[in-house]
Every structure is written in C-alpha cells, then in structure tokens.
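Here is what each chain is made of, one letter per residue.
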Amino acid sequence: MSIRLGDTAPDFTAESSEGTIHCHQWLGDKWGILFSHPADFTPVCTTELGTVAKLKPEFEKRNVKVIALSVDPVQSHLEWIKDINETQNTTVNYPIIADPAFEVSKLYGFVHPNASDKFTVRSVVIISPDKKVKLLITYPASTGRNFDEILRVIDSLQLTDNYSVATPANWKQGEDVVVIPAIKTEDIPAKFPKGFKEIKSYLRITPQPNI
Ligand code: BEZ
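Structural notes, computed from the coordinates. (Residues numbered from 1 in each chain as written. Predicted model: local features only at pLDDT ≥ 70, side-chain atom pairs only at ≥ 80, totals over all residues. Heavy atoms only, no water.)

As a further point, take the packing of aromatic side chains. This structure, assessed with the given rule, holds five aromatic pairs. A centroid spacing of 6.4 Å and a plane angle of 45° characterise the contact between Phe41 and Trp80, whose relative ring orientation is tilted. Taken together, the residues span a long stretch of sequence, with Phe41 in the loop between β3 (31–37) and α2 (43–61) and Trp80 in helix α3 (residues 74–88) at a distance of 39 residues. One aromatic cluster is present, built from ring pairs that chain together Phe12, Tyr108 and Phe110. A cation over an aromatic ring shows up here: Lys65 above the ring of Trp26, its NZ or CZ 4.3 Å from the ring centre. (Phe/Tyr/Trp six-rings, centres within 6.5 Å; stacked < 30°, edge-to-face > 60°. Helix = DSSP H or I, 4+ residues; strand = E, 2+ residues; numbered from the N terminus. Lys NZ or Arg CZ within 6 Å of the ring centre and 35° of its normal.)

As structure tokens, then:
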C-alpha cells in the first residue's frame, strides 16, 4: 500500500531504538515527521541522522516529533547510533524504528522495487496533529535530504492551516505570502489588516499575518 496527501497516516506498532512505539499514541497531539533510510551503517544516512539530532530544538519549537526508520533490527540501530554520535558530534535524541520485515515500510510505500528491492528509499512524511498526511517527499538513496527544507515546509503548513494564505516559491518565515484564490479581493482588507498588493486579480500579496 502507499499513501497520498490527505490520507490518515497508517497507525502501527513497531520496535525502535527507544522501545516499542505505537505511532498515533506516540505522536499524541503533536505534528510528526517520519523519515525512512536505506540501511544502517551507510554514509549518507549517518549524516542525515546527525543533522536531525542537531535540529531537534527547531522541530520542538514547532511542536513536531521526529522519528526515523531503517529496516535493520534494534540491536543494529543501537550500535549505529554510537557511530552517529561519534562521527557527527551529536547525540541521537529521537527513536529509530526497526523494520526488518518491512511492515511499516510497506504500509507507507517506502519500498520502490524498481529503485531497489533490498532497500527502502529516502522518504519524508509530515503528519499533522489530526494524523493526516500533509507532505510526502522521496529522494534517491544517493542524495541526502535537506532538513532545512523540511522545517520550511512545517512553517508553511502551520501558517496556511490557520490563515487563508499560501506561500510562494522559496518562501521563508517572515516573508510575504499570497492570499488564496477563494478569498475575494474586496474581502481582503477585513481579513488582512496589514494591507495587500494586487499584482494581478489572482495574485494578491500580503505580509505574513502571524508575526
Ligand atoms: C547512504 O546512506 O550513504 C547510501 C545508502 C544506500 C545507497 C547509497 C548510499
């Protein structure tokens, strides 16, 4: 099975480097990021897991819990974590799911058999507090992910969940946003007191409303 945006994120119970995880219960009322890895003791994955450990305060600031997945067993994860901590100069501070039977990987579509039948690919799933799938990105095994981009998407999702705006190309926290097409131009002043600029009838720019 694979998942699509708007689906309920499949629930599962799995062993991890921090004990048994019941996914929905573990997420509670927080946002979640689940990211998959081809295998333990691989170079790119090692840098990714270290990077996420260093970014944990940024995820926490945004009310996001992070959890990794690799198809090796728990004991292997525990040995690998020692290497990650040593080589990336950090402390892995979030669970890594052990998925040796590919159960979670199959639920989430992390196996792309035409890319590799032995490894899961590098996928990222963002899950909202109501357990909906909000973002899916898949990278090839040879390309490490940009976790600053994942934080940027979280900022956009949390903003656009609460205001009738969308974020333009390369938007970053603090920059102007666009008013969604469903809002009539005559209704903008009441909804966006900071003002707006109409570049085209369908392209209306306003300062980020929540700062
Ligand atoms: C890596 O994490 O470095 C990696 C894993 C599988 C294939 C290529 C690279």
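Taken together, the four strands give an open sheet; going across it, the order is β8-β9-β11-β10, and neighbouring strands pair in antiparallel fashion. The outermost strands of the open sheet, each flanked by one partner alone, are β8 (165–166) and β10 (197–200). Pairing geometry for β10 and strand β11 (residues 203–206), over three bridges, is antiparallel. Counted as the bridge partner of Glu198 is Arg204 from β11. (Pairing = 2+ DSSP bridges.)

To continue, consider the nonpolar core. Within the largest apolar cluster, 29 residues are counted, with the highest numbers of intra-cluster contacts made by Ile33, Phe35, Leu49, Phe59, Tyr94, Ile126 and Ile150. When residues of this core are traced back to their parent elements, those giving at least two are β3, α2, β4 (64–70), α3, β6 (122–127), β7 (133–139) and α5 (147–162). For Phe35, the residues in contact, after removing those within four places along its chain, are Leu49, Val52, Val66, Ile67, Ala68, Leu69, Tyr94, Ser123, Val124, Arg145 and Phe147. Listed in part, the 18 residues of the second largest apolar core include Ile3, Ala14, Trp26 and Ile97. (Core = buried A, V, L, I, M, F, W, Y, C linked by side-chain atoms within 4.5 Å. Buried < 20%, exposed > 50% of the residue type's maximum accessible area, 1.4 Å probe, protein only. Contact = heavy atoms within 4.5 Å.)

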